[in-house]
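Tertiary structure, described
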Number of protein chains: 4
Amino acid sequence: MAGSTFGRLFQVTTWGESHGKGIGVVVDGCPAGLPLTEEDIQIYLDRRKPGQSQFTTKRNEADQVEILSGVFEGKTTGTPISLMVHNTDQRSRDYGDIATYYRPGHADYTFDEKYGFRDYRGGGRSSGRETIGRVAAGAIAAKVLKEFGIELRAYTTAIGPVQIDRALFDFEESLRNPVAMPDVQAAEEAQNFLRHCIKNQDSAGGIVECEITGVPAGIGDPVFEKLDANLAKAVLSIGAVKGFEIGDGFAAATSRGSANNDAFAMDGINVKKETNHSGGTLGGISDGSTIVFRAAFKPTPSISRTQKTVNKDGEDIEISVHGRHDPIIVPRAVVVVECMASLTLLDLMMTGMSARLDRMKDFYNEN
Amino acid sequence: MAGSTFGRLFQVTTWGESHGKGIGVVVDGCPAGLPLTEEDIQIYLDRRKPGQSQFTTKRNEADQVEILSGVFEGKTTGTPISLMVHNTDQRSRDYGDIATYYRPGHADYTFDEKYGFRDYRGGGRSSGRETIGRVAAGAIAAKVLKEFGIELRAYTTAIGPVQIDRALFDFEESLRNPVAMPDVQAAEEAQNFLRHCIKNQDSAGGIVECEITGVPAGIGDPVFEKLDANLAKAVLSIGAVKGFEIGDGFAAATSRGSANNDAFAMDGINVKKETNHSGGTLGGISDGSTIVFRAAFKPTPSISRTQKTVNKDGEDIEISVHGRHDPIIVPRAVVVVECMASLTLLDLMMTGMSARLDRMKDFYNEN
Amino acid sequence: MAGSTFGRLFQVTTWGESHGKGIGVVVDGCPAGLPLTEEDIQIYLDRRKPGQSQFTTKRNEADQVEILSGVFEGKTTGTPISLMVHNTDQRSRDYGDIATYYRPGHADYTFDEKYGFRDYRGGGRSSGRETIGRVAAGAIAAKVLKEFGIELRAYTTAIGPVQIDRALFDFEESLRNPVAMPDVQAAEEAQNFLRHCIKNQDSAGGIVECEITGVPAGIGDPVFEKLDANLAKAVLSIGAVKGFEIGDGFAAATSRGSANNDAFAMDGINVKKETNHSGGTLGGISDGSTIVFRAAFKPTPSISRTQKTVNKDGEDIEISVHGRHDPIIVPRAVVVVECMASLTLLDLMMTGMSARLDRMKDFYNEN
Amino acid sequence: MAGSTFGRLFQVTTWGESHGKGIGVVVDGCPAGLPLTEEDIQIYLDRRKPGQSQFTTKRNEADQVEILSGVFEGKTTGTPISLMVHNTDQRSRDYGDIATYYRPGHADYTFDEKYGFRDYRGGGRSSGRETIGRVAAGAIAAKVLKEFGIELRAYTTAIGPVQIDRALFDFEESLRNPVAMPDVQAAEEAQNFLRHCIKNQDSAGGIVECEITGVPAGIGDPVFEKLDANLAKAVLSIGAVKGFEIGDGFAAATSRGSANNDAFAMDGINVKKETNHSGGTLGGISDGSTIVFRAAFKPTPSISRTQKTVNKDGEDIEISVHGRHDPIIVPRAVVVVECMASLTLLDLMMTGMSARLDRMKDFYNEN
């Protein structure tokens, strides 16, 4: 199992390396009848595209997506949708040095231990370019979710030590600044901090938050297939993520039951929660309120400072990683987080349709 | 999909409700030839048994496990191991009230939304008793892992605002005090804090940390089936968990690449890492160092204080949840965390055996 | 993977050996709200119970099923339904001889090769008693299918050389005679043939046919998850089955396109097929006509005649298998075939609910 | 679930339609270190290529495969191998007529019922071209299997009424004649029969047999994941297959235990079977002898004779299907059967590596 498939009914399989012919994804199980164009997907890919600010790699990739199958007369047919992005900027430099040693913080060593050798060019399969497949597939999932009135939005809440001020929260602002922060002042500070990192040949991490609105109550399963458990897996499967929390998350551990419980109250004929400490799930199942979760990203491991490591001959050496690397990947990861959440949620909505006999009977009798 | 199955090759399926005939689990795919007795499993179940201190429910359950299949002449046969624990203390009280309203912080409302009705007795399937199946299966997984020299140990690092002092860390201490804290002083403070909570009809949360030693490098898959992603799902699938982090976790987000990267160095003929900010994985694959992760638990939602909620008739009401509830579940959850980690790790060790052609050829040629 | 789980959304996990404490099954994913009693399941188990005629083993098992979880106030809750049948007639004889050699036609040798040793008592996990779990789960699936107007019926079409005469087909007759043949004359001949087999210390095989009516068009998926492919796997997973065919099956190989194609014609406002050579599927998807398939069973391998084999010491020996064995298992297997078909069909109906965006939107908007 | 993924650890996902941009497959989980070139795969694709005799469609496709990922320095890396074949001969004719009615024997009607509409050009996803992905993936699986000394060979045993004479069996002959029959005389008769079919605007079916040698004992799992059950599913998932049998198959149903049981005997220090009625499995697990199974193919449904059907307006009409169709697909399907068997067997060899604790310990200790 190379582990490149995600989802049970909305099943996504990604492929491709940093310096191979391209990156792609097969989306199997997308409901038939969704209007879909390459433009729908390109919008999402453009959000993760490199070269859009001084804080992202200067690698120059168009990352143009091509739909190879599964769409006919402008609509999905229910059969596999194959998407591909050609790699264009495969700079012909010598990777021989990287081949011989293990970069700290990267998967070089673990790939070698697991597979006996590795495609060392640009990180190979462990490159951030692998997320292109996730984003392309997530764009489709997000488009399906929109049909149900479900919207996702993610943004940066922290970069290094700089955190947003919740009182100044302005989502639209996050679309304007290069660090995707919904707080104009924090965005400014974060950029200063990043410039400082670059100057010091160093890198930074941060936190991405994602909100999902419009999710009906009842999505997710008890026990092992909880909505939050699946979101955690989805998010931790993104390269640099080291932590996940939903609702109050780690802060809930220091709270008390009386403060942490969300009281129910009637809102006309609907049940609502007066607060949302839970982050939109109870017992692993969506409760109808906004789903809110956060992902912690470690600093980019590629830094040009001198670092200690070992080579394949078993010698202690010193290296400095040059090349076109992001001093921070958080702003470009925002759309990746959003897409992984879309994939997770849609799949659980699909697997959950047979939970009740009465509704299943309605479904088939209306057929 | 009711979502009660975990794992691909070491596949665990749990069943049972709080007030049904019992709780059980089927372990399918356990390697043949493992010596296994009921006692091996009972030791783990006893660690999560209620009634062992003033901070756990007074529900009095023996939780005696019975092996129903899959073991012959003292060894596993490779066929499904069915385990059952009978429910004995099903106090015959009236649950009629709970049936009519939704307890804040519980899954009552979401189960009703998902399934149309629910087994309301004692939380039904969302009861903490569901974890009996996980622990029984995890005990078997842990026994298999021990054969490879892999050991897991979990403990409490925080209860409410009380945190352990890392300088005073003493794992053995965690086995002695009722809050499972590896710091005698913190354990004392935590107990005082809990007494305070009980007096105030309130409850507390906390943090559990788990260490896994002896894991060879190369376990876990790139992309979606990363070891850390699977651990996150496993841990978030435990009822009250709201957050997961591996290695430095959320703290990594505030660090810099130069500080967060773990340098490699030779240790004789072996590669080792000089630090372990990563928590034992790189690129989702174990790197040979200790795996360290943490889980954040919310405060127990059942509190006897008056709370606002709604009933099924759509009326705003006030309730107070009486019964035999833990003011904190963290100490009893320690073994659950450990067991979920065992299940996750063993499954990935099994699925990973075919990663390399040379080793697969060795395997079959030696057959 | 011990391979004891079947299905994706209606997921069935069986456990238990011939001479262990019992046989059981966990049904995970059954839609909530189905009225279900032990009697519903017992009716199916009684159809496979031994000791009902001179042609079945004299092993005397009550095979009483017990529902251990997943049903509340007479209805399924959507959580796992655990079912168990205790083994009662575990005759305390010495199995020492069977332990030392490999019975021809049985799985003794292959279990030893796979697992290193085996539970040799009564065939262990490869015993026909394993099908109890399938039948118990299949009874539930069949009850769900009935809610959609889907009915299954299976019967014997051949025993050894004796075949039914299609012109005399009478399904009710199959419920009356001990060989389950829907042709009174063939049933008589078959019984004579079986008496002849018994007298000669020999055994016989046969063919079971199954019809499924009321299946809406559109069930099953293209490519690998075809309805017929899944039925084939389900049926071949029954111990003694050596062949599967749907519709005209092997006879289709000798036909011509002009004869084998089923013409479509209007039947009022509905599309129907004028013939059903296809057996109810086209391209792996149900076409709205009756699904018809057949399973070929080999003769029971346990015969008391002397046979040549080898023992574990690597010696050629002669054995004769005594004990309480069926000279034919076909009549008792009829209900097993029916149940495996129920499990297959229901699972595909559940996974297929998200095939179309318009219908998925209807489903969630009506929620 | 569009059902386009096959296998658990050697996981294959196919995509593409007859008249889309191309056909492809992603192979996820191939062991690292296998030498692999496009030529290795092309050899297999050439065996199913159209236009090689008067009995195959005149559609002129080069079917040149391209490796897009997963191979580095001539060897598989353990990451997904993406393969693509461009569609080149997409004749620009009007498919408007096919769009409006349902061809008998095809999946037109069932796709419309399932998905609401369909890509009607050349059969879309239900086209025989979908098997390109299977063959490309199967070529890789076969190459892995060869490393273990496992060889597969398939051939035609019957075309319409013409059957091979087992006494004249000559495998090499099957590689020379256009009907893939291992009997020169039957091949001649079969060709005459096919010419007769073509003249009568009709089509024929047939039977493919596959032998697998070198399979170690112990592959396949008891209960639902039997080797034969998985082969049956794999084979029935090929478009026109209506039946599957292993070993003596349907003939076993008319045999007796004394004749059908394969006696074990010592062959030096090895256990062997004196006969192979079982076809190489016992209890669903390989027994070390040759695996032999057969697949029955229906006649090609596309015939130019006039046929009755209905159109989408609900009218009874008459049609004749023109175009470039094979009067028989059996000879081209031989390699498809072989490839599906390779995929099935390899996957079970991979999942089976953790069956025994002792061997699993050897594996990890040698690591």
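Here the structure is shown first, and the text comes after it.
So, a few notes on the structure that sits alongside this text. No experiment lies behind these values; they were computed from the predicted model shown.

1. Digging into the overall build of chain A
When its secondary structure is counted, chain A shows 10 helices and 18 strands. For 367 residues, the compact-globule estimate of 2.2 N^0.38 gives 21 Å, and chain A sits close to it at 22 Å. Overall, chain A is about 65 × 50 × 40 Å in size when its C-alpha atoms are taken along their principal axes. Buried residues in chain A amount to 69% of all 367 residues. Look at the contacts in chain A between residues 6 or more apart in sequence, and 68% of them connect residues 24 or more apart. In the structure as shown, chain A presents an accessible area of about 11300 Å², 46% of it carried by carbon and sulfur atoms. Of note, chain A has its 40 positive side-chain charges centred 3 Å away from the centre of its 49 negative side-chain charges.

2. Points about the side chain of Glu130 of chain B
Examined against the element boundaries, Glu130 of chain B turns out to sit in the loop between α3 (108–115) and α4 (131–147). According to the relative accessible area criterion, Glu130 of chain B is buried, its value standing at 6%. Non-local contacts of Glu130 of chain B, meaning those with residues more than four positions away in its chain, are made with Val223 of chain A together with Thr14, Ile23 and Arg125 of chain B.

3. Points about the interface of chain C and chain D
With 107 residues of chain C at the interface, the matching set in chain D holds 106 residues. Counting the surface lost from both chain C and chain D, the interface buries some 8600 Å², and carbon and sulfur atoms represent 62% of this. Counting across the chain C and chain D interface gives 6 salt bridges. Of the charged contacts in the structure, one is a salt bridge between Glu225 of chain D and Lys233 of chain C, with a shortest N-O distance of 3.0 Å. In this structure, the connection of chain C to chain D is made through 38 residue pairs in polar contact (both at pLDDT 80 or more). Tallying contributions element by element places helix α3 (residues 108–115) of chain C first for the side of chain C that touches chain D, with 7 residues. Residues belonging to the side of chain C that touches chain D are distributed by class as follows: 43 nonpolar, 37 polar and 27 charged. Here strand β11 (residues 241–246) of chain C pairs with strand β11 (residues 241–246) of chain D via 3 bridges, running antiparallel. Bridging from a neighbouring strand, Phe244 of chain C pairs with Phe244 of chain D of β11 of chain D.

4. Considerations on the interface of chain A and chain B
The partner chain B presents 107 residues to the 107 residues of chain A that form the contact. When chain A packs against chain B, the two sides together hide about 8600 Å² of surface, and 62% of this comes from carbon and sulfur. Summed over the shared surface of chain A and chain B, the number is 6 salt bridges. Taken together, chain A and chain B are joined by 38 residue pairs in polar contact (both at pLDDT 80 or more).

5. Here we look at the relation of the copies chain A and chain B
Between the two copies of the chain lies a relationship made up of a rotation around an axis and a movement along it. Once chain A has been moved 0.0 Å along the axis and rotated by 180°, it coincides with chain B to within an RMSD of 0.0 Å. Here the symmetry operator amounts to a two-fold rotation axis. Interface overlap between copies is the fraction of interface residues in one copy that are interface residues in the other; for chain A against chain B it reaches 100%, indicating a shared surface.

6. A closer look at the sheet that holds strand β2 (residues 11–16) of chain C
All names here are of chain C. Spatial strand order, β1-β2-β3-β7-β4: 5 strands in an open sheet with antiparallel pairing. In the strand order of this sheet, the two ends are held by β1 (5–6) and β4 (65–67), each with one partner. Relative to β2, β1 is paired through 2 bridges, and the arrangement is antiparallel. Following the sheet pairing, Phe6 is matched in β2 by Val12. Taken strand by strand, helix α4 (residues 131–147) contacts β2, β3 (22–28) and β7 (81–86), and its axis lies near 35° from that of β3.

7. Things to note about the pattern of salt bridges
Scanning the model with the defined rule gives 111 salt bridges over all chains in all. Notably, a salt bridge pairs Arg294 of chain C with Glu209 of chain C, separated by 2.8 Å at the nearest N-O pair. A residue pair is termed long-range when its members are at least 10 positions apart, and Arg294 of chain C in strand β16 (residues 291–297) and Glu209 of chain C in strand β10 (residues 206–213) qualify at 85 residues. You can call Arg294 of chain C buried: its relative accessible area is 12%. A relative accessible area of 2% places Glu209 of chain C in the buried class. What you see here is one network of salt bridges that share partners, running through Arg103, Asp108, Asp112, Arg118 and Lys312 of chain A.

8. Description of a negative patch on the surface
Negative charge collects at one region of the surface, where Asp362 and Glu366 of chain A together with Asp362 and Glu366 of chain C lie side by side. Elements represented by at least two residues in the negative patch include exactly α10 (357–366) of chain A together with α10 (357–366) of chain C. With respect to the helices, strands and loops of the structure, Glu366 of chain C is situated in helix α10.

9. Topic: the nonpolar core
Formed by 360 residues in total, the largest nonpolar core has its most connected members in Phe293 of chain A, Phe293 of chain B, Phe293 of chain C together with Phe293 of chain D. The residues contacting Phe293 of chain D, other than those within four sequence positions of it, are Val208, Glu209, Cys210, Ile212, Leu231, Val235, Phe244, Glu245, Ile246, Val337 and Ala341 of chain D.

10. Focus on helix α1 (residues 38–48) of chain A
Residue and element names in this part refer to chain A. Residues Ile41, Gln42, Tyr44, Leu45 and Arg48 constitute the buried set of α1. Within α1, the buried residues cover an arc of 165° as seen down the axis, which keeps them to one side. Against the buried residues of α1 lie β4 (65–67), β7 (81–86), α4 (131–147) and α9 (330–351).

11. A few points about the pairing of strand β2 (residues 11–16) of chain B
Residues and elements named next belong to chain B. Of all 6 residues in β2, 6 are buried; the element is thus mostly enclosed. Covered by surrounding structure in β2 are Gln11, Thr13 and Trp15 together with Val12, Thr14 and Gly16, the residues of both alternating faces. Sheet topology places β2 next to strand β3 (residues 22–28); 6 bridges connect them, and they run antiparallel. Counted as the bridge partner of Val12 is Val27 from β3. Counting the residues between successive antiparallel strands, the hairpin from β2 to β3 contains 5 residues.

12. Some thoughts on the packing of helix α7 (residues 227–236) of chain C against helix α7 (residues 227–236) of chain D
Axis separation between α7 of chain C and α7 of chain D bottoms out at 8 Å; the angle between their running directions is 165°. With respect to α7 of chain D, the element α7 of chain C is oriented roughly antiparallel. Here the hand of the crossing between α7 of chain C and α7 of chain D comes out right-handed. On α7 of chain D, the residues touching Asp228, Ala229, Asn230, Ala232, Lys233 and Leu236 of chain C of α7 of chain C are Asp228, Ala229, Asn230, Ala232, Lys233 and Leu236 of chain D. Taken together, the residues of the contact of α7 of chain C with α7 of chain D sort by class into 6 nonpolar, 2 polar and 4 charged.

Definitions and cut-offs
Residue numbers run consecutively from 1 along every chain, following the written order of its sequence. Chain letters and ligand numbers both follow the written order, the letters beginning at A and the numbers at 1. Only residues with pLDDT of at least 70 get local features here, since the model is predicted, and only at 80 or more are side-chain atom pairs given and counted; chain-wide, interface and lining totals rely on the full set of residues. As a rule here, side-chain values cover all heavy atoms of the structure and leave hydrogens and water aside. Helix and strand labels come from DSSP, where a helix needs a run of H or I of at least four residues and a strand needs a run of E of at least two; each type is numbered from the N terminus. With the radius of gyration taken over C-alpha atoms, the globule rule is written as 2.2 Å times the number of residues to the power 0.38. In this scheme, a residue with accessible area under 20% of its type's maximum is buried, one over 50% is exposed, and one in between is partly exposed, where area comes from a 1.4 Å probe on protein chains only. In this description, contact between two residues means that some pair of their heavy atoms is separated by no more than 4.5 Å. Each accessible area value is a Shrake-Rupley result obtained with a 1.4 Å probe; residue values ignore everything except the protein chains displayed when judging cover. Counting rule applied: Lys, Arg positive; Asp, Glu negative; His and chain ends not counted. Think of each charge as sitting on NZ of Lys, CZ of Arg, CG of Asp or CD of Glu. Accessible area, probed at 1.4 Å, shrinks when two parts are joined; the buried area is that loss added up over both. The rule for a salt bridge is simple: a side-chain nitrogen of Lys or Arg has to be within 4 Å of a carboxyl oxygen of Asp or Glu. In the analysis that follows, any N or O atom pair within 3.5 Å is treated as a polar contact, provided that within protein one partner can donate a hydrogen and the other can accept it, and provided that, for residues neighboring in sequence, both atoms belong to side chains. Each residue receives one of three labels: charged for Asp, Glu, Lys and Arg, nonpolar for Ala, Val, Leu, Ile, Met, Phe, Trp, Tyr, Cys and Pro, and polar for the others, Gly being one of them. Any two strands are treated as partners once DSSP identifies two or more bridges connecting them. The copies were overlaid with a least-squares fit restricted to C-alpha atoms from residues scoring a pLDDT of at least 70 in each copy. In this description, a line fitted to the C-alpha atoms serves as the axis of each element, helices being fitted only across the stretch in contact, and the angle between N-to-C directions of two axes falls anywhere from 0 to 180 degrees. By definition, no residue in a patch forms a salt bridge, and every one has over 30% relative accessible area; like charges are joined within 9 Å, nonpolar side chains (Val, Leu, Ile, Met, Phe, Trp, Tyr) within 5 Å. Among buried residues, the Ala, Val, Leu, Ile, Met, Phe, Trp, Tyr and Cys ones that are joined through side-chain atoms within 4.5 Å form a nonpolar core. As used here, the arc is the angular range of directions from the helix axis to the C-beta atoms. Oblique is the label for every angle not falling under 35 degrees (roughly parallel), over 145 degrees (roughly antiparallel), or within 65 to 115 degrees (roughly perpendicular). Left-handed is the label given to a crossing in which the near helix is rotated counterclockwise from the far helix by less than a right angle, and right-handed is the label when the rotation is clockwise.

Fair warning: the whole summary comes from geometry, so function is off the table for now.
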